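Overview (structure and organization)
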Amino acid sequence: MFKFLIGIMMALAGGWCLVKAEQPQNLAHKVYATLLKNTFQVREDCSVEMSITSNIDLASGAKIEVLLPNSWLVLNGPSFTREIQAKSPQLPHFVEFKGSNDNIVFEISIIPCNQLYEQGAARHGRKITAILKRGIVKAGEKIIFRYSNTFAPYIAENTIMQVKVNEVAAEREVQLITLPGPAADVRIIVPSGVKPGREFPIHIVSLDKFDNCSSSEFKNKVLYDDKGSVVAENLNFAGSTIVTFKILKEGVFRFTMDGVNSNALIISESGIFPYWGDIHIHTKLSHDGQGENPYQYARYVSGLDFAAASDHWQSLGDPGYELLKTWAEAAYDPGNFVTIPADERNPAQWNGHHNIYFRDIEYFMKNKVHPVGRAFVPAEPWSEFDEKRTMIIPHHTGICFSSLPRDKKNLGSSVDLSLCDSMHLIPVMEIYSHHGQSETYAPQHILSYEFNRMRNSERRANTSMSGPYYAQSYWMAGMKLGVIASSDGHTGQGGRRHGGIAAVYADKLTRESIFDAIKARHSYGTTGERILVDFKVNGSQMGEITKVPSGSTIEISLKVWGTARLLRVEILRFRFGLDSAFSPVLSEAPRPETTDAEYKLTEIASSNCVYYARITQYPVEWPGMAWTSPVWIECEKR
């Protein structure tokens, strides 16, 4: 009897043990991840350490995945990635996983991986995977992940580090925060023109050495106009501030604080002035990009009027397109700030690189690029796009990203527009970006592809392709093509100095008006400075075609308000059937050295021709420049 009772008790005990053993398997798997430190200074030498725990035991074969943000994987620019490795703790960018004792052993692999979309292209993205090869990690025991001998990003951002255990994501997002550095530069940005008595914003923005809005505090600052009158005093702010002001009388005004001058503001009842934007911004959604939602920076740091995130189509997938839509719609504020739906897609039948822009968000989402297996195709063929709702803009049209020479069949990434059936979709080209100028083939130009990126921390030099791949080439071939500039920046920070911005003459600040004005070629481009240019030929503005009787007088006017002392002001002309190259009809270094200039000249119409203006200003070693869209003259027989 006693033995029987003992047997029943043991059986019951065994049953209880079975119940206890099964309970963890019935629990919902939960993963917890915590950073030892989650806040860093830009470009700080550092290590990232994270503890990972699971509410169930992890046995052999368990898989842990960590995806760092692209900004923590970029080396020093869009081209190069840090060499993440798991073999040598003494070498840079070392990653490891450690259990609570030496019996726990992981096998680590590092593979390229898109951060958002598994099928998407991946340049910087890396998936760091640890497979448990030996030992058991008990529920609640810590696994330590370390990413050491590395450095924080050079962009200030709040971003997410992704963590999964056996495909289960961490319960809470793991945030990595990078804080900006102290001020290295200050910019004062104002609109180019407003009517008398209307309030306007004056953006005062301090930037660290990486162009983040800085962490510096400013006390008791005084803002003056260029006549010496106080505009605002006792200004106290951290990083940046906006002062609202109004002026009752007409005239040209600039503003100054601590020796820093703003761009020119024209107060006028009748003037038409450009809006400023950057419509070629890459973010973390691009395989070679980094940075979060770009529109806050574009509006509040660069003081732009409009912007577009134009990420690479092969990186996006549905998640990327949905995020582009969310960013664009949330930031769109008609009358104050405009977002334009866009992406970068480079059709196989065309050479070179092209961005595509849409007049409305619905048409953009309808025509997003869909995955088909491992390939990607547009929702519609290019030939079926609605020309009123779509435009295509080629960029860095003469660039070669590899060595020369290339054979005639291999154009590098240069754009031969004679091969592009534009379907009236290409109204303008990008004449400048951070890559350099695309005005003319000039490898020794101070802003050529060979030199421009060498000034950045990436220090990459590309090469210029000899051939008809530049603005002047297209114009001499008879193409009616305007110009803009934009940054092609890969940090989510549009409108940075030296990156390139577009000036667009639109009747109002809405998505439709900006889009239509670019389509009409009422635009010009600068290297990032708000050089204000008013260029007309026989009263026609940039981008227009005007007909005149042969032998009649052509009147040309040019007004320039620079942001630094002018080095040279030029008007260039090409006469079809008479000239073999563009030549200046005006080329002058203003004296005395000044920021403003005005010219009027006349010519006799003798043949069809094209005119445009080019402005160059200080500093000599990295000049600010502006290029206007042309005005075309068509001569008619009397």
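First, a word on scope: everything that follows refers to the structure included in this document. Since the structure is predicted, the reported quantities are computational estimates derived from the model, not experimental observations. (Residues numbered from 1 in each chain as written. Predicted model: local features only at pLDDT ≥ 70, side-chain atom pairs only at ≥ 80, totals over all residues. Heavy atoms only, no water.)

Quick word on the overall build of the chain
The condition that has to hold: Per the convention used, a helix needs a DSSP run of H or I reaching at least four residues, while a strand needs a run of E reaching at least two, with both numbered from the N terminus. When accessible area is computed with a 1.4 Å probe and restricted to protein chains, residues below 20% of their type maximum are described as buried, those above 50% as exposed, and intermediate ones as partly exposed. Residue contacts follow a heavy-atom distance rule, with two residues in contact if any of their heavy atoms lie within 4.5 Å.
Secondary structure assignment for the chain yields six helices and 46 strands. Principal-axis analysis of the C-alpha atoms gives the chain an extent of 130 × 60 × 45 Å. Taking all 638 residues of the chain together, the buried fraction comes to 54%. Put simply, 72% of the contacts in the chain that link residues at least 6 apart link residues at least 24 apart.

So, the sheet that holds strand β26 (residues 353-358)
Pairing between sheet strands relies on hydrogen bonds along the backbone, with the strands arranged either parallel or antiparallel. Rule in force here: Strand pairing follows a simple DSSP-based rule, namely that at least 2 bridges must link the two strands. Convention adopted: a line fitted to C-alpha atoms gives each axis, helices being fitted over their contacting stretch, and angles between N-to-C directions are expressed from 0 to 180 degrees.
Sheet architecture is open: three strands sit in the order β25-β26-β29, paired in antiparallel fashion. Looking at strand neighbours, the two that pair on one side only are β25 (342-344) and β29 (390-395), the edges of this open sheet. Between one strand axis and the next, the sheet turns through 20° on average, direction left out of account. Here β26 pairs with β29 via six bridges, running antiparallel. Note that in β29 the partner of Asn-355 across the bridge is Ile-393. Here helix α6 (residues 511-519) sits on the sheet and contacts β26 and β29; the angle it forms with β29, its principal contact strand, is near 60°.

What about the pattern of salt bridges?
Note the cut-off: Each reported salt bridge corresponds to a side-chain nitrogen of Lys or Arg within 4 Å of a carboxyl oxygen of Asp or Glu.
Within the structure shown, the criterion is met by 27 salt bridges. In this structure, Lys-284 engages Glu-292 in a salt bridge whose closest nitrogen and oxygen atoms are separated by 2.8 Å. In this structure Lys-284 comes out as partly exposed when scored by relative accessible area, which is 29%. Between Asp-343 and Arg-345 there is a salt bridge; the shortest N-O distance is 2.7 Å. Both residues of the pair, Asp-343 and Arg-345, count as buried. Residues joined in a network through salt bridges with shared partners are Glu-49, Glu-96 and Arg-146.

Some remarks on the packing of aromatic side chains
Put simply, the rule is: Under the pairing criterion, centres of Phe, Tyr and Trp rings, with the six-membered ring standing for Trp, must be within 6.5 Å; the plane angle then separates stacked pairs below 30 degrees from edge-to-face pairs above 60, leaving the rest tilted. Whether a charge sits over a ring depends on NZ of Lys or CZ of Arg being within 6 Å of the ring centre and within 35 degrees of the ring normal.
Enumeration according to the criterion identifies 22 aromatic pairs in this entry. Taken together, a centroid distance of 6.2 Å and an interplanar angle of 50° make the contact between Phe-97 and Phe-106 tilted. Each member of the pair, Phe-97 as well as Phe-106, is classed as buried. Pairing Tyr-505 with Tyr-524 gives two aromatic rings, centres 6.3 Å apart and planes at 40°, and the pair type is tilted. Taken as a pair, Tyr-505 in the loop between β35 (501-504) and α6 and Tyr-524 in strand β36 (residues 523-526) lie far apart in primary sequence, 19 residues in all. The residues Tyr-505 and Tyr-524 share a single accessibility class, namely buried. Every member of this aromatic cluster is reached through a ring pair, and the members are Tyr-321, Phe-358, Tyr-363, Phe-364 and Phe-385. Positioned over the ring face of Tyr-332 is Arg-511, at 4.2 Å from the centre of the ring.

Concerning the layout of surface pockets
The line we're drawing: Grid points spaced at 1 Å over the protein atoms alone were grouped into cavities, where a 1.4 Å probe fits but cannot get out, and pockets, open sets with protein on both sides within 12 Å along at least five of seven lines, with lining residues defined by an atom within 4 Å of a point. Grid points are joined across faces, edges and corners, and a volume is the space filled by probe spheres set on the points. All amino acids are sorted into three groups, where Ala, Val, Leu, Ile, Met, Phe, Trp, Tyr, Cys and Pro are nonpolar, Asp, Glu, Lys and Arg are charged, and the leftover types, Gly among them, are polar.
Estimated volume of the largest pocket: approximately 910 Å³. Looking at the lining of the largest pocket, the elements that each hand over two or more residues are β13 (193-194), β14 (200-207), β17 (240-245), α2 (295-301) and α6. Of all the elements, β14 adds the most residues to the lining of the largest pocket, at three residues. Partitioned by chemical class, the residues of the lining of the largest pocket number 17 nonpolar, 12 polar and seven charged. One number sums up the size of the second largest pocket: a volume of about 740 Å³.

A short note on the state of the cysteines
Selection criterion: Only a pair of cysteine sulfur atoms within 2.5 Å qualifies as a disulfide here.
Here the structure, examined in full by the defined rule, presents zero disulfides. Of all cysteine sulfurs in the structure, the one in Cys-609 sits closest to Cys-635, which takes part in no disulfide; the separation is 6.1 Å. A residue is classified by how much of its surface remains accessible, and Cys-635, at 21% relative accessible area, is partly exposed.

What to know about the nonpolar core
Put simply, the rule reads: Residue types Ala, Val, Leu, Ile, Met, Phe, Trp, Tyr and Cys, when buried and joined through side-chain atoms within 4.5 Å, form a set referred to as a nonpolar core.
Judged by nonpolar contacts, the single largest core of 92 residues is most densely connected at Val-533, Phe-535, Leu-558, Tyr-611 and Ile-615. The biggest single contributor to this core is strand β44 (residues 609-617), with six residues. Leaving out residues up to four positions away in the same chain, Val-533 has contacts with Tyr-505, Tyr-524, Met-542, Leu-558, Lys-559, Ile-615, Ala-626 and Thr-628. Core analysis: the second largest hydrophobic core is formed by 34 residues, Val-48, Met-50, Leu-58 and Ile-143 among them.

Looking at unusual backbone geometry
What is expected of a backbone is that most residues other than glycine have negative phi and most peptide bonds are trans. Of note, the amide linkage connecting Arg-591 to Pro-592 takes the cis form, showing an omega dihedral of -5°. Locating Pro-592 in the fold gives a position in the loop between β42 (583-588) and β43 (596-604). Omega for the bond connecting Tyr-618 with Pro-619 falls within 30 degrees of zero, at 0°, which places this linkage in the cis form. As for its position among the elements, Pro-619 is in the loop between β44 and β45 (624-628). Unusually for a residue other than glycine, His-93 sits at a positive phi of about 60°.

Notes on the side chain of Arg-460
As a reminder, the rule being used: Positive charges come from Lys and Arg alone, negative charges from Asp and Glu alone, with His and the N- and C-terminal ends not counted. Pairing of N or O atoms within 3.5 Å defines a polar contact, subject to two protein rules: one partner must be a possible hydrogen donor and the other a possible acceptor, and residues neighboring in sequence count only if both atoms are side-chain atoms.
Of note, Arg-460 is situated in the loop between β32 (436-437) and β33 (463-464). For the buried Arg-460, which has no salt bridge, the nearest side chain bearing the opposite charge is Glu-458, at an N-O separation of 5.1 Å. Side chain to side chain, Arg-460 and Asn-462 meet in a polar contact 2.9 Å long. Setting aside anything within four residues of it in sequence, one finds Arg-460 in contact with Ser-79, Phe-401, Arg-453 and Met-454.

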